[in-house]
Amino acid sequence: MSYKSIIANLAVDTPPAAIVKVGIELAERFGAHLIGLAAADVPPLVATGEGMVYEGEVMQIQRTEIEKRLAELRAEFESLVPASITSEWGQAVCSPTRFLSVFARAADLVVTGASGDDVFRAADVGSLALGIGRPVLVIGNNVEHLRANTVLVAWKDTREARRAVADALPFLAKANEVVVATIAAAKGDDNVRDSLADVAVYLEHHGIMAQTELITGEVDGEQLLTFARLINADMIVSGAYGHSRLREWAFGGVTRTLIEESSINRFLSY
């Protein structure tokens, strides 16, 4: 298994070089086609405190500014991608999350930065992780080279975690060290130990020799991050946990922590 089509998602308000460089690096590593995407939308008409609304002229100005920025992003993407990599570009004035969700059907992996504060200007990572049916690699801040030398697999015996391990196999196969860790209330839980051992055997069948670690305590995202820093992990692989409630994503605690964390690369799969 390998990634043969990778999306590099660019946000209009964030310098694009880091995400593009990571996309290029991964395309070279896996022999993949690289798709650069960018989108932003004009907010809908809204009432102000004085009862006024944005006029059509103002909205057209905003649209023109977005189109100009998208053209700049395209130029930078095309200037950075070497001729040795096959690539294409896509852009639109629409919801960045919806635009990326549609394009994801043509990709094995989506590479993106963290969510922004404005859903009209940046894709929402949580919605992507739970909604597009593809693994989402969220790059840490200021990361331009994704080595993935030490990868931490946050294991829980669930469908989501099993899917994440399978989706991450190309990264795990190239890592120098893979640690599969789970958090449990007691070290003496044989079911948990058996589960970890089975994952290690599964990975061994794919030529990946993994260590296992049972962390005692309450299931907590911060405890997982502390362990990741202890082993100097440069990527965390995790299932994404949550559900849609009134059209908003409600996340499990660990997933919420990983989405909000910005110091490490996170590979999320649902």
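Let me sum up the structure you'll find in this document.

Here is what the cut-offs are and how they apply
Residues numbered from 1 in each chain as written. Predicted model: local features only at pLDDT ≥ 70, side-chain atom pairs only at ≥ 80, totals over all residues. Heavy atoms only, no water. 1 Å grid on protein atoms, 1.4 Å probe; cavity = no way out; pocket = protein on both sides within 12 Å on 5 of 7 lines; lining within 4 Å. Points joined across faces, edges and corners; volume = space filled by probe spheres on them. Helix = DSSP H or I, 4+ residues; strand = E, 2+ residues; numbered from the N terminus. Nonpolar A, V, L, I, M, F, W, Y, C, P; charged D, E, K, R; others polar. Phe/Tyr/Trp six-rings, centres within 6.5 Å; stacked < 30°, edge-to-face > 60°. Buried < 20%, exposed > 50% of the residue type's maximum accessible area, 1.4 Å probe, protein only. Lys NZ or Arg CZ within 6 Å of the ring centre and 35° of its normal. Arc of directions from axis to C-beta. Contact = heavy atoms within 4.5 Å.

Over the atoms, a rolling probe the size of a water molecule traces out where space has been left empty. For the largest pocket, the calculated volume is near 430 Å³. In terms of lining, the largest pocket is formed by 26 residues, of which the most central are A11, T14, I19, G113 and A114. For the lining of the largest pocket, the elements supplying multiple residues, two or more each, are β1 (5–10) and α1 (17–30). Considering each element in turn, the lining of the largest pocket owes the most residues, three residues, to α1. Among the residues making up the lining of the largest pocket, the classes are represented as twelve nonpolar, nine polar and five charged. Estimated volume of the second largest pocket: approximately 360 Å³.

Here we take up the packing of aromatic side chains. Counted by the stated rule, this structure contains six aromatic pairs. On the numbers, 6.0 Å between centres and 75° between planes, the contact of F171 with F267 is edge-to-face. Of this pair, F171 sits in helix α6 (residues 169–174) while F267 sits in strand β12 (residues 265–269), and the two are 96 residues apart along the sequence. No difference in accessibility class separates F171 from F267, as the two residues are buried. For K156, the ring lying beneath its charged end belongs to Y241, and the centroid distance is 5.1 Å. The residue whose ring lies beneath R159 is Y270, and the NZ or CZ to ring-centre distance is 4.9 Å.

Moving on, we come to helix α3 (residues 96–103). What α3 keeps buried is the set P96, T97, F99 and L100. The buried residues of α3 occupy an angular sector of 165° when projected down its axis, which confines them to one face. The secondary structure elements touched by the buried residues of α3 are β1, β2 (33–40), β3 (87–93), β4 (109–112) and α4 (125–131).

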